[in-house]
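# An overview of the molecular structure
Next come the chains, spelled out residue by residue.
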Amino acid sequence: MFVALRDLKHARGRFILMSMVIVLITVLVTFLASLTAGLARESTSAVTDLPADHLAFSMPTPGDPPEFIASRVDADQWEGWADVDGVVSADPLGVATTRAETPGATVSVTALGVAAGSHVAPVREDGTPGDVDPGTIVLTRAAADALDAHVGDAVTLGGTRLTVAATLDTDQSFSHTPVVWMTLDDWQSIGARGAARAPGAAVSATVVALTTSGTADLAGADAALGTTTLTTSDARSAVSSFTAENLSLTTMQAFLLVISALVAGAFFTVWTISRSGDLAVLKALGATTRYLLRDALGQAAVLLGGGVTIGALLSAAAAAALSGVVPIAVTPTTSLVPAVSLILLGLTGAGVAIARIARIDPHAALAAR
Amino acid sequence: MDLHLDHITLVYPDGDTHLTAVDDVHLTIPAGTTTALLGPSGAGKSSLLAVAAGLTRPTRGTVTIGDDVVFTPGTSVARATRVRLERIGMVFQSPRLLGSLTALEQLELHAHLRGERPAAVRARSMDLLAAVGVADHAGKRPAQLSGGQRQRVAIARALVRRPEVLLVDEPTSALDHDRGTQVVELITGLARELGAATLLVSHDASTLGTVDAIERMLDARLAHPAPPARA
Ligand SMILES: Nc1ncnc2c1ncn2[C@@H]1O[C@H](COP(=O)(O)OP(=O)(O)OP(=O)(O)O)[C@@H](O)[C@H]1O
Ligand SMILES: [Mg+2]
């Protein structure tokens, strides 16, 4: 990169301007990726954090796509699932978003109802699932903060008073509301799903949380029990609004990536045209097209690599500063994947622009300028 | 090495018809001598130079350096580029220096093009810059040099590879008479010193006192050789 590096230094102004554009696009894309991940987590972590690999849904109209809001499983179904070969555990789980009240606050929470001895009961400090006692409620940290509730305080959900038995150090949420845990019976009686259950009536739940050994015939069991089974990860799409949210944010990122490729292409098109005289001279002096392409692509790589690195660092810093204010999750995936995509797409755009070097005629070097 | 242009014809496509820019030109330039090519605008001088440099393929004829046929109607671009890099030096009408490189780097670039370390030719580059009288300006970029200084750097650049053939297109068109004469003198002197067969295209016969031979070109053909003017 004998000429390319000197050009970078010499035409500093132009390149700084261009790298600023790259930096800003990178900040935008990586910030958006972190926000997408943060919002996704806020929408679905109650599901993805479950110690289960599959969830069985039962929709009122068979064949409908599974949704937490409409799914309803009964005891026959979770007991049937527990008997399926290769199923290690099958636990009913009630999921419902409702209003929780303390004297000082009223907030939306998602109530998770678990049966006694459930594998998906909230994980306590010692790392094992601990049962929730009837008449009590276990709060995730965000729920405790929002309700300003401590152990021993009373929290009212749907007219039922529950006593806070524990607050957890973890943060699960569902559809942007913090999670609280209670027994499946209490979950039923707070009437989060329609009318509160009459005493003695059959218990139902929202889904069956399954731990499988991998040999289980899930499709066969679904057919026999009238359920639809999804992996925990796929079950995110059953959280209403998650798919739409995720799709719109991901689309925005995709557009930004395409824009970055086009911007890089436009810049390098103009830049290559502006130095086509120099390129003709270089060819006349004996530079091969391959040498010139490598030189120019190296220049684009330096520009993109520098701009994207600065942008990703800025965005990580901004995310760290804003992490308490907006739901944002900075992970290697939210930084590296957009950064690498930006560099690759930018290089593609630049590469298409630079390809015109091949068409430059060294004969043009003889023409008076 | 001598440069032989053997019955060179160059035809450009010109809309539906053709334009013969060079018509059966036959010319030999012995090593170490300079032949000037004079002629009116449009006579085909630059076209002949382009063929001699392998910048464009002749329609008919061959270019030979020493005993090697280097350019024919079938020569590939890659081979022509290689020959230019290794055997031919060129000076263009305007100096055509690269804006971001210092005078010294214009010369060192050639080593880089050949895959050598630029520092490998630093000493020789400095010698050449001294020979053309711009050693004091080695660290300057083209924008900081005068037109004459730029043209001198361009001449040094053409010679850094010790070319067997030196091709020069109107080096004096941007210079006044005295400076033009000096530049031609510089070229003929260096050509002799380095043993390069030199073809120098010019508009201005009055600057050609030091060349070894003068050819006149008119309507794509060489006129009868004129006796070399000796100052
Ligand atoms: N790339 C080209 N394509 C088509 N025709 C060309 C091309 N280059 C030159 N010509 C034509 O070929 C003829 C010879 O041009 P050339 O540039 O060789 O003349 P010249 O003797 O160098 O003139 P000048 O003294 O003005 O530089 C002219 O008629 C010109 O229009
Ligand atoms: Mg010309």
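### Describing the packing of helix α2 (residues 12–48) of chain A against helix α10 (residues 332–354) of chain A
All names here are of chain A. Running from N to C, α2 and α10 point in directions that differ by 145 degrees, and their axes come no closer than 9 Å. Pair α2 / α10 crosses with right-handed handedness. Each of Ile25, Thr26, Val29, Thr30, Ala33, Ser34 and Ala37 in α2 lies in contact with α10, whose residues at this interface are Thr334, Ser335, Pro338 and Leu342. The residue makeup of the contact of α2 with α10, split by class, is 6 nonpolar, 5 polar and no charged.

### Details of the sheet that holds strand β4 (residues 60–65) of chain B
Residue and element names in this part refer to chain B. Read from one edge of the open sheet, 4 strands run β2-β1-β4-β5, paired in antiparallel fashion. Among the strands making up the open sheet, the edge pair consists of β2 (17–29) and β5 (68–71). Taking each pair of neighbouring strands and ignoring which way they run, the sheet shows an average axis angle of 35 degrees. When strand β1 (residues 3–14) meets β4, the two strands line up antiparallel, connected through 5 bridges. Bridge pairing links Thr9 to Arg60 in β4. Along the sheet, helix α1 (residues 45–52) contacts β1, β2, β4 and β5; its crossing angle with β1, the most-contacted strand, is approximately 115 degrees. Docked against the sheet, helix α2 (residues 77–87) engages β4 and β5, running at close to 115 degrees with respect to β5.

### Quick look at the environment of Pro65 of chain A
Of note, Pro65 of chain A is situated in the loop between β1 (54–57) and β2 (73–74). For Pro65 of chain A and Thr110 of chain A, which are 45 residues apart along the polypeptide, the C-alpha to C-alpha distance reads 21 Å.

### A few points about the packing of aromatic side chains
Both the distance between ring centres and the angle between the ring planes are used here to describe each pair of aromatic rings. All names here are of chain A. Throughout the structure, instances matching the rule amount to 5 aromatic pairs over all chains. Relative to Phe267, the ring of Phe15 has its centre 5.6 Å away and its plane inclined at 70 degrees; by these criteria the two rings are edge-to-face. Here the residue Phe15 occupies a position in helix α2, and Phe267 occupies one in helix α7 (residues 242–274), the gap between them amounting to 252 residues. According to the relative accessible area criterion, Phe267 is buried, its value standing at 14%. Clustering of aromatic rings is evident, with ring pairs tying together Phe15, Phe267, Phe268 and Trp271. The ring of Phe2 is capped by Arg6, whose NZ or CZ atom sits 3.9 Å from the centre of that ring.

### Structural notes on the pairing of β1 of chain B
Two strands pair when backbone bridges link them, and β1 of chain B and β2 of chain B are joined in this way by 9 bridges, in the antiparallel orientation. Following the sheet pairing, Leu10 of chain B is matched in β2 of chain B by Val22 of chain B.

### Quick look at the sheet that holds strand β10 (residues 221–222) of chain B
Residues and elements named next belong to chain B. Strand order in the open sheet formed by 6 strands is β6-β7-β8-β3-β9-β10, with mixed pairing between adjacent strands. Pairing within the sheet leaves two strands with one partner each, and these edge strands are β6 (88–91) and β10. When strand β3 (residues 34–38) meets strand β9 (residues 213–218), the two strands line up parallel, connected through 4 bridges. If you follow Leu37 over to β9, its bridge partner there is Glu215. The strands touched by α2 within the sheet are β6 and β7 (165–169), with β6 carrying the most contacts at an inclination of about 85 degrees. Where helix α6 (residues 177–194) meets the sheet, its contacts fall on β3, β7 and β8 (197–202), and the angle it forms with β8 comes to roughly 165 degrees.

### Things to note about the site of ligand 1
All names here are of chain B. The immediate surroundings of ligand 1 are formed by 13 residues, with Ser41, Gly42, Lys45, Ser46 and Ser47 found nearest. Between ligand 1 and Ser41 there is a distance of 2.5 Å, counted from an oxygen atom to a side-chain nitrogen or oxygen. Take Ala43: an N or O atom from its main chain is 3.2 Å from an oxygen atom of ligand 1. Calculation on ligand 1 without its partners gives an accessible area of 630 Å², and the protein chains cover 62% of this total. For the shell around ligand 1, the elements supplying multiple residues, two or more each, are β2 and α1. Element by element, the count of residues in the shell around ligand 1 is highest for α1, at 3 residues. Looking at side-chain class alone, the shell around ligand 1 contains 5 nonpolar, 6 polar and 2 charged residues.

### A look at the interface of chain B and chain A
At the junction of the two partners, chain B supplies 29 residues and chain A supplies 26 residues. Summing both partners gives a buried area of about 2500 Å² for chain B against chain A, and 63% of it is carried by carbon and sulfur. For the interface between chain B and chain A, the tally reads 1 salt bridge. A salt bridge links Glu105 of chain B to Arg6 of chain A, with the shortest nitrogen-to-oxygen separation between them at 2.9 Å. At the boundary of chain B with chain A, the tally comes to 8 residue pairs in polar contact (both at pLDDT 80 or more). Elements supplying a minimum of two residues to the side of chain B that touches chain A: α1, α2 and α3 (103–113) of chain B. The element that contributes the greatest number of residues to the side of chain B that touches chain A is α3 of chain B, accounting for 5 residues. Along the lines of polarity and charge, the residues of the side of chain B that touches chain A split into 13 nonpolar, 8 polar and 8 charged.

### Quick notes on the domain arrangement of chain A
For interface size, the figure often reported is the accessible area lost on association. Residues and elements named next belong to chain A. For chain A, the assigned domains read domain 1 (2–44 + 242–366) and domain 2 (51–231). Domain 1 and domain 2 are separated by 46 Å when their C-alpha centres are compared. If you look at the interface, domain 1 gives 6 residues, while domain 2 gives 6 residues. In total, about 440 Å² of surface goes out of reach between domain 1 and domain 2, with carbon and sulfur atoms giving 32% of it. Of all residues in domain 1, Arg41, Glu42 and Ser43 give up the largest surface area on contact with domain 2, accounting jointly for 79% of the area buried on that side. On inspection of domain 1 and its partner domain 2, the count reaches 0 salt bridges. Run the count over domain 1 and domain 2 and you get 5 residue pairs in polar contact (both at pLDDT 80 or more). With 5 residues, the single largest contributor to the side of domain 1 that touches domain 2 is α2. Here the residues of the side of domain 1 that touches domain 2 are counted per class, giving 1 nonpolar, 2 polar and 3 charged.

### Considering the confidence of the model for chain B
For chain B, mean pLDDT is 91; residues scoring 70 or higher make up 97% of the total. Both scores are available for the predicted complex, with the pTM at 0.82 and the ipTM at 0.91.

### As for unusual backbone geometry
With a phi close to 55 degrees, Asp148 of chain A is a non-glycine residue in the positive phi region. Taking relative accessible area as the criterion, Asp148 of chain A reaches 56% and is therefore assigned exposed. Although it is not a glycine, Arg162 of chain B adopts a positive phi angle of roughly 50 degrees. Structurally, Arg162 of chain B can be placed in the loop between α5 (147–159) and β7. You can call Arg162 of chain B exposed: its relative accessible area is 54%.

What counts and how
- Residues numbered from 1 in each chain as written.
- Chains lettered and ligands numbered in written order.
- Predicted model: local features only at pLDDT ≥ 70, side-chain atom pairs only at ≥ 80, totals over all residues.
- Heavy atoms only, no water.
- Axes fitted to C-alpha atoms, helices over the stretch in contact; angles between N-to-C directions.
- Helix = DSSP H or I, 4+ residues; strand = E, 2+ residues; numbered from the N terminus.
- Left-handed = near helix turned anticlockwise from the far one by under 90°.
- Contact = heavy atoms within 4.5 Å.
- Nonpolar A, V, L, I, M, F, W, Y, C, P; charged D, E, K, R; others polar.
- Pairing = 2+ DSSP bridges.
- Phe/Tyr/Trp six-rings, centres within 6.5 Å; stacked < 30°, edge-to-face > 60°.
- Buried < 20%, exposed > 50% of the residue type's maximum accessible area, 1.4 Å probe, protein only.
- Lys NZ or Arg CZ within 6 Å of the ring centre and 35° of its normal.
- Near = heavy atom within 4 Å.
- Polar contact = N/O pair within 3.5 Å; in protein donor to acceptor, adjacent residues only side chain to side chain.
- Areas by Shrake-Rupley, 256 points an atom, 1.4 Å probe, with all protein chains shown as cover.
- Buried area = accessible area lost by both parts, 1.4 Å probe.
- Salt bridge = Lys/Arg side-chain N within 4 Å of Asp/Glu carboxyl O.
- Domains from an automatic or database assignment.
- pLDDT = per-residue confidence, 0-100.

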